[in-house]
Amino acid sequence: QAKTEGRNTVQYFSEEMDARSRHRAQLLGALKMALARDEFVLHFQPRMNLDTGQIVSVEALLRWDSREMGKVAPDVFIPLAEESGQIIEIGEWVLREAIATLGRWHGLGLNHLSMSINVSALQLLRSKLAGQIRALVDEFGIPEYCVELEITESMVLSQNSQPLSNLWALKDLGVALSLDDFGTGYSSLSYLKQLPIDALKIDKSFVRELGPNANDNTLVQTIIALGHSLGMTMIAEGVESEEHLQTLRQFDCDEIQGYWLSRPLPAKECLEFIQAHEQSVRPAASSTPAA
Ligand code: C2E
Ligand code: MG
Ligand code: MG
Ligand code: MG
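An unreviewed UniProt entry annotates the chain as cyclic-guanylate-specific phosphodiesterase originating from Arenimonas maotaiensis.

The structure is reproduced here in structure tokens:
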């Protein structure tokens with residue numbers, strides 16, 4: 001009896017494995033064709049400065065709508081693209097598309113706006129990255145400091161020295177660098193201090209915990225104070241409620257991003273959102289005494 005059950009369990013287990021690896025193979029196959037089929041699109045999520053109320057930056061977030069697989073989340077396909085190496089080509093598409101979009105928006109008068117772009121470990125491993133960005137900012141006529149690259153802690157903790165020297169090359173070029181998902185990795189503050197990083201994005205898992213109980217908030221308050229002591233701009237991601245916002249304000253957080261302000265939006269809608277937002281903050285700006 002027990003023996004049969006055991007055998008069945010093994011059988012179901014391996015069927016599930018088969019189904020999973022088949023799904024994975026299908027995803028990989030579809031991913032290979034995605035660029036040529038024009039299945040990628042960028043969405044953009046605005047980020048707001050808490051002192052001025054202005055939208056200072058937008059983050060480019062990749063979306064994939066596959067002919068065969070339907071909509072696939074970045075958390076699923078980005079790791080696959082990294083493993084298969086396709087992230088290089090996809091990442092180049094993202095850089096061009098994001099910087100081209102910023103060029104158009106600057107042309108419409110929003111020239112204070114920055115574009116934040118996520119890059120993968122593999123992209124940072126290649127020495128070409130700074131040169132590619134340089135060529136793109138020239139082509140689309142935007143200042144290099146309006147491009148901000150988001151990297152993660154693990155990317156600069158590797159034994160390989162290439163990512164670090166590329167980071168310095170990017171810094172020399174003048175692009176802004178920020179550390180994404182901050183707090184989820186293992187880097188020490190003394191190590192971070194040596195890196196040419198301008199901003200820390202506090203991971204949304206910490207922001208989610210912010211609430212009426214002040215004890216729960218101490219961690220975020222401490223992270224912000226430590227970041228400031230290192231001279232970093234502190235950004236909170238995943239800000240979903242008025243309560244999150246008020247708490248972060250109280251802790252002197254510099255900038256916020258999250259559903260409270262806006263979900264990631266297609267380019268046209270994001271542009272309209274920013275323009276409408278500009279209108280709403282302008283009265284406050286013009287109430288300051290004229291020079
Ligand atoms: P990330 O860079 O940390 O991006 C923030 C994620 O949080 C996004 O998920 C965004 O949609 C989501 N988010 C924003 N506001 C809120 C909020 O208030 N609440 C909650 N719960 N979530 C919020 P998304 O778009 O699914 O992207 C997931 C991850 O995929 C990104 O995390 C990033 O690591 C990666 N990714 C996305 N686009 C690219 C890309 O072009 N290149 C690379 N290399 N990675 C990318
Ligand atoms: Mg990011
Ligand atoms: Mg993040
Ligand atoms: Mg401040």
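## Some points on the pairing of strand E1 (residues 40-49)
Within E1, 9 of the 10 residues are buried, leaving the element largely enclosed by the surrounding structure. In terms of strand pairing, E1 meets strand E2 (residues 55-66) through 9 bridges, oriented antiparallel. In the sheet register, histidine 43 faces E2, and the bridge partner there is leucine 61. From the end of E1 to the start of E2, which pair antiparallel, there are 5 residues, and glycine 53 there has a positive phi angle of about 75 degrees. Relative to strand E10 (residues 265-266), E1 runs antiparallel, the two being bridged by 2 bridges. Across the sheet, residue histidine 43 finds its bridge partner in E10, namely proline 266. Bridge count between E1 and strand E9 (residues 255-257): 3 bridges; the pairing is antiparallel. Within E9, the residue paired with methionine 48 across the bridge is isoleucine 256.

Conventions used here
Residues numbered from 1 in each chain as written. Chains lettered and ligands numbered in written order. Predicted model: local features only at pLDDT ≥ 70, side-chain atom pairs only at ≥ 80, totals over all residues. Heavy atoms only, no water. Buried < 20%, exposed > 50% of the residue type's maximum accessible area, 1.4 Å probe, protein only. Helix = DSSP H or I, 4+ residues; strand = E, 2+ residues; numbered from the N terminus. Pairing = 2+ DSSP bridges.

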